[in-house]
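Spelled out from the first residue to the last, the chains are:
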Amino acid sequence: MTGGGNGKGLKVRTAERLDPERTAFLIILITSIIKMFFALKGIFCITDHDIQLIDINTMKLGDTGHPGYINYLIEHMAFPPIIKEFTSYPPQFYHPPVFYIIGAVIKSIACALGASDMIAYEIIQQFNMLFSCLCVIVCHKIIRRIGIGGWTGTALITFIACNPIFLIIGAELNNDCLMTLFCLLAIHFTLCWHESRSTKDILLAALTLALGMLTKTSAVLIAPAMGLVFLYDLVNDIRQKKLGEKKTISQFILFGIVSIPLGLSWVLRNLIVYKVPFSYVPRLPGGTWQYTGDIPLVSRLLVPSIRQFTTCSTDLSDTAHFNNIFGQSMQSMLFDEGILYEPDPVTPIVMMWLMTALVILMAVLFVCFLFSSKEALHLRLMLGGAVIVPVISFIVFYLQYPYICTVHVRYIVTSVVCLAVGAAAFVRHREKCSKIFVLLCFAASFAATFDYILY
């Protein structure tokens, strides 16, 4: 009798320890620790996206890359000029300044305390990885606000927390991660405002959107999703004759006053002073070895190559096999441009196949979510806008700048998150779909975590 009672008590205690919310907290904590150690282990140029690493032996950096931008701010106490003419490395001075101001402050303090330039860049990298960890925490807040609970919610946050793209953008020494954080915060505060209709929440939504645009101009692509939610609530208020009661128009005016002048200030400055258009991106010199513009659209947009799904490192010179946008999106999300050094031939590919299957499932479920009348319309508008607009822009960007390096998920991390959230929202009340979704999320996340701890 006593043994049976103890056994029953043990099961109850085990069930309590496996509480989904507690498990989600532990996953966020453990993956955050892994991310911070990854940044400690990996040198700041482990992923060289326009850092301009000229000589790895002497650690010589170019003057117009992301570190060069930070150094210019420190040395001149002014914004650098926009450089349009170049021969090899594209200058990064056209980017908005928020990330670089933060980097300049961190580096100035580190060097004043006796750190070398290399150590200072490592410290900036640690802060950038901290931004990545904060991204996951904001994702968790969005998930809970939407009401995706239980093991479906835990599986979703596990996919996000373990997804290598958050390791990748955190390890970079550029503005992608901070922009993603501001975009996710803008989505979060927009959803908060939809529920509370408070001035504080709409001001925070406006401020985070503007800061996102002042970190990287492409943050503006999240604005249509926010606008759709505002439009939805405006129409509802008109129908219910509550425009005055809820102060809808005055709050929208306040949103515009905060977000528009601040968010557009940098691109207007560049247009007026340097005649640089809003959508300016430096073009690589003609004949670049990464050029894919002469490859048929069927290959680039529709049919991935087998090699893209049987290797864990993109060959930037092999345009014949590494040109498909979906294949390269998976490659860049999981491996960047080859940051798993000397991996075994099996485990990274298992991660690739599991993640690919999961992303395809999520895409199908997301489409079902968008057309499901059972799901809240404001949520479908928000998540639909946050996925469709940036992804279309991503495809157009690749067509306009047809290079392998152009196709990288770091540009649309917010869309990946919103795709996953929409998929989870659809399956949360559908038991069979939910079980498949949960199992695949945990399996793919375990494979990703195992690979990055191992290598």
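Below or above, wherever it landed, is the structure these notes cover. As the structure is a prediction and not an experimental result, all values here were calculated from the model. (Residues numbered from 1 in each chain as written. Predicted model: local features only at pLDDT ≥ 70, side-chain atom pairs only at ≥ 80, totals over all residues. Heavy atoms only, no water.)

## Observations regarding the side chain of T347
Consideration 1: Along the polypeptide, T347 turns up in helix α14 (residues 347-370).
Consideration 2: Looking at T347, its side chain comes within polar contact range of the side chain of Y455, at 3.4 Å.
Consideration 3: In contact with T347, other than residues within four places in its own chain, are F450, D451 and Y455. (Helix = DSSP H or I, 4+ residues; strand = E, 2+ residues; numbered from the N terminus. Polar contact = N/O pair within 3.5 Å; in protein donor to acceptor, adjacent residues only side chain to side chain. Contact = heavy atoms within 4.5 Å.)

## Brief notes about the packing of helix α5 (residues 117-146) against helix α8 (residues 176-196)
Consideration 1: Contact geometry for α5 and α8: axes closest at 9 Å, N-to-C directions at 20 degrees. In terms of axis orientation, α5 runs roughly parallel to α8. Regarding α5 and α8, the two cross each other, and that crossing is left-handed. Here α5 contributes N128, F131, S132, L134, C135, V138, C139, K141, I142, R145 and I146 to the contact with α8, which in turn contributes C177, L178, T180, L181, L184, L185, I187, H188, L191, C192 and E195. (Axes fitted to C-alpha atoms, helices over the stretch in contact; angles between N-to-C directions. Parallel < 35°, antiparallel > 145°, perpendicular 65-115°, else oblique. Left-handed = near helix turned anticlockwise from the far one by under 90°.)

## Notes on the environment of K374
Consideration 1: With respect to the helices and strands, K374 occurs in the loop between α14 and α15 (377-400).
Consideration 2: What makes K374 exposed here is its relative accessible area of 73%.
Consideration 3: Between the alpha carbons of K374 and P90 there is a distance of 48 Å; along the sequence they are 284 residues apart. (Buried < 20%, exposed > 50% of the residue type's maximum accessible area, 1.4 Å probe, protein only.)

## Digging into the packing of aromatic side chains
Consideration 1: Within this structure, the stated rule accounts for 18 aromatic pairs.
Consideration 2: With 3.9 Å between their ring centres and 0 degrees between their planes, Y69 and Y100 make a pair best called stacked. Within this pair, whereas Y69 is found in helix α3 (residues 66-76), its partner Y100 is found in helix α4 (residues 98-112), the two being separated by 31 residues in sequence. In terms of burial, Y69 and Y100 fall into one category: buried.
Consideration 3: Ring geometry for F446 and F450: centres 6.3 Å apart, planes at 20 degrees, overall stacked. Pair noted here: F446 and F450 are both in helix α17 (residues 431-454), with a separation of 4 residues, about one helical turn.
Consideration 4: In this structure F446 comes out as exposed when scored by relative accessible area, which is 60%.
Consideration 5: In this arrangement the basic side chain of R269 is found over the ring face of W266, its NZ or CZ atom lying 4.3 Å from the centre. (Phe/Tyr/Trp six-rings, centres within 6.5 Å; stacked < 30°, edge-to-face > 60°. Lys NZ or Arg CZ within 6 Å of the ring centre and 35° of its normal.)

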